[in-house]
Amino acid sequence: MTISSADLPKNQLGVTDLAITRTGFGAWAIGGGGWAAGWGVQDDRDSIAAIHRAVDAGINWIDTAAVYGLGHSEDVVGRAIAGMARSERPFIFTKCGMVWNDDKPMETPQRIGNPDSLRKQTEASLKRLGVEAIDLLQVHWPSNDVPLGEYWGAMCDLKKEGKVRAIGLSNHGLEDLEAAEAIGHVDTLQPPFSAIRRDTAAELLPWARKNKTGVICYSPMQAGLLTGRFSKERAASLPEDDWRRRNPNFNGAALEANLALAEALKPVAQRHGVSQAAVAIAWVLAWPGLTGAIVGARKPDQIDGWIAASKLELDDDDLDAIASAIGKTGAGSGPVRP
């Protein structure tokens, strides 16, 4: 389906000056394979076409990270936006704090928050992306080399210097958020959140609402499980360099429960004339405190499969049906209904 940019509603991202569409383009998968958390072989031409399709449909932000594809995702995003006028370019969100060894790409990257390293990482991201400033820079994971106070202080400095417009934390818990907020405002939080992985709704969303912190969640379709297009056969045939092959959600009893939940989304999707993927995304967007959802795509036509979620509002009957399905399938953990 085709939706013009004027049709897509926007939410203010916390107290920043960024008004973002309810869905954003997630650039993890377009980093490709050949690294520890890769998605297998990816054609850059497909990636760039997918980004252009998303922007043409009205999506106004892209979420990437330096570590995705070990710099490759940022490079692809940079190429995709290179010819766009500044007024037409989407906001660029990226993440730092993960350092890799180019000579050993399959090694797990290290969580490095040393202020000098963060500054170098930021400069490298600016160069790959080809932008004068990063709209949102997030610390990808809690660092292992320095205390939170050191790396969050460095992030605050980068914001003061104008290298980034807003700063946030990804994959950080409640204690980390409290500690960071005491140093400088946490503009945004990026947690995992889906109808399978629901724990974010218990404490993090209420904290964010209380502290006026914007929240953009990742994996609302649980890496493809809730699209209605996944199957046990597909899980078994995932490439060896696809991280999902080793993830518990894609194996055994958990996989069966997750696929059953995806199937239960079908009646809701049919009622609204949208895809199961769109329903899965709209479910996370129904929770108070969530600003936007990051949705990945590896090809342009995948955008068409979920773009309707940008406008879809689930009603009480929908939410009750999904809560019931979660209970019956036993999929995932966490609160079952907004």
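A quick note: this is a predicted structure, and the numbers were derived from the prediction, not measured. (Residues numbered from 1 in each chain as written. Predicted model: local features only at pLDDT ≥ 70, side-chain atom pairs only at ≥ 80, totals over all residues. Heavy atoms only, no water.)

Which residues make up the nonpolar core, and what values go with them?
In summary, soluble globular proteins display a tendency toward joint burial of nonpolar side chains. Within the largest apolar cluster, 103 residues are counted, with the highest numbers of intra-cluster contacts made by F25, W152, M155, F193, W283 and W306. Dropping the residues within four chain positions of it, F25 is found in contact with I30, A50, I51, A54, I59, W61, I62, D63, I294, V295, A297 and I303. Ranked by size, the runner-up nonpolar core spans eleven residues in total, among them W61, A166, I216 and I294. (Core = buried A, V, L, I, M, F, W, Y, C linked by side-chain atoms within 4.5 Å. Buried < 20%, exposed > 50% of the residue type's maximum accessible area, 1.4 Å probe, protein only. Contact = heavy atoms within 4.5 Å.)

Tell me what's going on with the environment of A309, and back it up with residues and numbers.
As for its placement among the helices and strands, A309 is situated in the loop between α11 (300-306) and α12 (316-329). With relative accessibility at 0%, the residue A309 sits in the buried group. With 35 residues separating them in the primary sequence, A309 and V274 have C-alpha atoms 8.3 Å apart. Here A309 is in contact with R22, T23, A278, I281, A282 and L285, once residues within four sequence places are set aside. (Helix = DSSP H or I, 4+ residues; strand = E, 2+ residues; numbered from the N terminus.)

Summarise the sheet that holds strand β12 (residues 292-296); cite the residues concerned and give the values.
Sheet strands line up and pair through hydrogen bonds in the backbone, either parallel or antiparallel. With respect to topology, eight strands assemble into a closed barrel ordered β3-β4-β5-β8-β9-β10-β11-β12, the strand pairing being parallel. Neighbour-to-neighbour, the strand axes of the sheet open up by a mean angle of 30 degrees, direction not taken into account. In terms of strand pairing, strand β3 (residues 23-26) meets strand β4 (residues 61-63) through two bridges, oriented parallel. Within the sheet, the bridge partner assigned to G26 lies in β4 and is D63. (Pairing = 2+ DSSP bridges. Axes fitted to C-alpha atoms, helices over the stretch in contact; angles between N-to-C directions.)

An account of the state of the cysteines is requested, with residue identities and associated values reported.
Evaluation of the coordinates by the stated rule reveals zero disulfides. With no disulfide partner, C156 has as its closest neighbouring cysteine sulfur the one in C96, 12 Å distant. In this structure C156 comes out as buried when scored by relative accessible area, which is 12%. (Disulfide = S-S within 2.5 Å.)

So what's going on with the pairing of β3? Which residues, and what values?
In this structure, β3 lies alongside β12, joined through four bridges in parallel fashion. Among the inter-strand pairings, G24 is bridged to a residue of β12, identified as I294. Remark: the β3/helix α1 (residues 44-56)/β4 crossover connection has right-handed handedness. (Right-handed = clockwise from strand over helix to strand, strands pointing away.)

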